[in-house]
Amino acid sequence: MAIGKWIGGALGWILGGGVLGAVAGFCIGTMLDEAINDSSNSKADNSTGNREQDSYRSQNGFGGSRPFEEDRNSFLFSMLVLSSYIIKADGRIMHSEMEFVRQFLRHNFGTQAVSQGEDILLKLFELQKQQGHYQFKETIRKSCVEIGFHMNISQRLQLLNYLVIIAKVDGIVSPEEVAALKEVARYLGLSPQDVDSMLNLESGAKDSSSIEEAYKVLGILPSATDEEVKTAYRKMALKHHPDRVASLGEDVRKAAEKKFQKINDAKERIFKARGL
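Since the model is a prediction, treat every value here as computed from it, not as a measurement.

### As for the overall build of the chain
- In terms of regular secondary structure, the chain is built from 13 helices and zero strands.
- Reading the chain from its N terminus to its C terminus gives the helix and strand order α-α-α-α-α-α-α-α-α-α-α-α-α.
- Across the 276 residues in the chain, those meeting the buried criterion constitute 48%.
- Within the chain, counting contacts between residues at least 6 apart in sequence, those at least 24 apart form 74% of the total.
- In the structure as shown, the chain presents an accessible area of about 13,200 Å², 52% of it carried by carbon and sulfur atoms.

Laid out in structure tokens, this is it:
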């Protein structure tokens with residue numbers, strides 16, 4: 001079935017139960033129902049489709065050819081679940097935010113993953129509508145608890161980084177989006193300062209306030225001592241090191257490298273200003 005092309009039957013702990021398992025069941029179940037309704041082709045057609053799916057799975061690492069595919073697909077599904085909450089935080093579904101998700105899917109999982117991931121996101125919007133704001137908020141909270149149990153802090157930070165990028169992609173981060181990001185961060189066992197840090201990662205070196213934003217990236221005040229600056233950087237470097245998300249795939253690792261470079265840039269601006 002089409003959904004197998006990127007889920008690959010390897011949602012792992014998500015399908016093992018809990019709130020995320022129930023959410024996955026809702027999304028995937030309705031999609032499979034639709035696929036079944038459309039699957040009135042002959043056995044020959046099904047056989048061809050299966051061969052094509054097997055080929056796709058083989059080429060893209062599904063079906064066990066990559067040892068960490070389970071972690072990778074779980075990370076993707078978690079991102080979609082939390083993205084559905086952030087995207088609707090301000091009461092609107094922006095085209096630019098949806099397009100970012102499409103590009104993410106296309107770049108990281110191939111063009112055939114785009115429609116599947118988008119369908120899941122739309123099902124999540126439907127679930128949010130069915131449950132209502134407060135019940136869906138509790139679904140997000142419980143989902144984050146499960147995610148926090150299965151992902152290390154670096155993976156959770158990378159997940160948060162994607163959510164921050166989604167919130168920023170339309171050029172305006174509303175107060176509602178900031179509140180939702182900090183809410184999700186707290187549920188994931190992260191801090192509001194992690195959100196503030198990532199919101200300031202995009203500042204350019206030529207910005208007149210870039211040195212102030214550099215301090216925000218490291219989560220410290222300009223009044224911090226040199227030793228406090230160095231300590232803050234070492235903690236950031238340890239948590240955000242790209243090697244700690246390597247199990248999620250090379251493309252996710254490269255995204256973490258870009259984030260890590262921006263942290264280094266912030267550190268260099270501070271060190272230069274202080275003559276360190």
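Now that the structure has been shown, the text picks up again.
### A closer look at the pattern of salt bridges
- Under the definition given, this model contains 12 salt bridges.
- Salt-bridge contacts for Arg102 lead to Glu99; the nearest nitrogen and oxygen are separated by 3.0 Å. Of this pair, Arg102 and Glu99 both sit in helix H5 (residues 95-109), three residues apart, which is roughly one turn of that helix.
- With relative accessibility at 18%, the residue Arg102 sits in the buried group.
- The residue Arg102 makes a salt bridge to Glu118 at a minimum N-O spacing of 2.9 Å.

### Some words on the packing of helix H8 (residues 153-168) against helix H9 (residues 175-187)
- Running from N to C, H8 and H9 cross one another at 175°; their axes reach a closest spacing of 11 Å. Between H8 and H9, the interaxial angle falls into the category roughly antiparallel. Along its contact with H8, which presents Leu160, Leu163, Val164 and Ala167, the element H9 presents Glu177, Leu181, Val184 and Ala185.
- When the residues that make up the contact of H8 with H9 are grouped by side-chain class, the tally is seven nonpolar, no polar and one charged.

### Some details on helix H13 (residues 250-274)
- In this model, H13 (25 residues) spans 36 Å end to end at C-alpha, consistent with the 36 Å of a helix rising 1.5 Å per residue.
- Looking one or two residues beyond H13, the residue adopting positive phi is Gly275, at roughly 70°.

### What about the nonpolar core?
- Leu82, Ile140, Val184 and Leu218 are the most contacted members of the largest nonpolar core, which totals 70 residues.
- It is helix H4 (residues 69-87) that provides the largest number of residues to this core, a total of 10 residues.
- Beyond its immediate stretch of four places on either side in the chain, Leu82 contacts Ile140, Cys144, Ile147, Leu159, Leu163, Val184 and Leu188.

### Digging into the layout of surface pockets
- Volume-wise, the largest pocket comes out at about 370 Å³.
- Looking at the largest pocket, it is lined by 17 residues, and the ones nearest its centre are His107, Tyr162, Ile165, Ala255 and Lys258.
- Elements that contribute at least two residues to the lining of the largest pocket include exactly H5, H8 and H13.
- Here the lining of the largest pocket gets six residues from one element, more than from any other, and that element is H13.
- Residues of the lining of the largest pocket, tallied by class, amount to six nonpolar, five polar and six charged.
- Each of two domains, domain 1 (19-36 + 69-190) and domain 2 (204-274), supplies a minimum of three residues to the lining of the largest pocket.

### So, the packing of H8 against helix H10 (residues 192-199)
- Direction vectors running N to C along H8 and H10 enclose 55°, while the axes themselves pass 10 Å from each other. What the angle tells us is that H8 and H10 run oblique. Considering the relative orientation of H8 and H10, their crossing is right-handed. Mapping the contact onto sequence places Leu157, Leu160, Asn161, Val164 and Lys168 in H8 and Asp194, Val195, Met198 and Leu199 in H10.
- Here the residues of the contact of H8 with H10 are counted per class, giving six nonpolar, one polar and two charged.

### Details of the side chain of Arg156
- Residue placement: Arg156 occurs in helix H8.
- One buried charged side chain, Arg156, makes no salt bridge at all; its nearest oppositely charged neighbour is Asp194, positioned 8.1 Å away.
- The contact partners of Arg156, leaving out residues within four places of it in the chain, are Ile147, Gly148, Met151, Leu188, Gly189 and Leu190.

### Some details on the confidence of the model for the chain
- Taken residue by residue, the chain gives an average pLDDT of 77. The fraction at 70 or more is 75%.
- Below pLDDT 50 for its whole length, residues 38-67 participates in 29 contacts with residues either more than four positions away or in separate chains.
- With pLDDT under 50 throughout, residues 204-208 is counted as low confidence; its partners more than four residues away or in other chains account for four contacts.

### A word on H9
- For H9, spanning 13 residues, the distance from its first C-alpha to its last is 18 Å, which sits close to the expected 18 Å at 1.5 Å a residue.
- Of the positions making up H9, those classed as buried are Glu177, Ala180, Leu181, Glu183, Val184, Ala185 and Tyr187.

Rules behind the numbers
Residues numbered from 1 in each chain as written. Predicted model: local features only at pLDDT ≥ 70, side-chain atom pairs only at ≥ 80, totals over all residues. Heavy atoms only, no water. Helix = DSSP H or I, 4+ residues; strand = E, 2+ residues; numbered from the N terminus. Buried < 20%, exposed > 50% of the residue type's maximum accessible area, 1.4 Å probe, protein only. Contact = heavy atoms within 4.5 Å. Areas by Shrake-Rupley, 256 points an atom, 1.4 Å probe, with all protein chains shown as cover. Salt bridge = Lys/Arg side-chain N within 4 Å of Asp/Glu carboxyl O. Axes fitted to C-alpha atoms, helices over the stretch in contact; angles between N-to-C directions. Parallel < 35°, antiparallel > 145°, perpendicular 65-115°, else oblique. Nonpolar A, V, L, I, M, F, W, Y, C, P; charged D, E, K, R; others polar. Expected span 1.5 Å × (residues − 1). Core = buried A, V, L, I, M, F, W, Y, C linked by side-chain atoms within 4.5 Å. 1 Å grid on protein atoms, 1.4 Å probe; cavity = no way out; pocket = protein on both sides within 12 Å on 5 of 7 lines; lining within 4 Å. Points joined across faces, edges and corners; volume = space filled by probe spheres on them. Domains from an automatic or database assignment. Left-handed = near helix turned anticlockwise from the far one by under 90°. Lys, Arg positive; Asp, Glu negative; His and termini not counted. pLDDT = per-residue confidence, 0-100.

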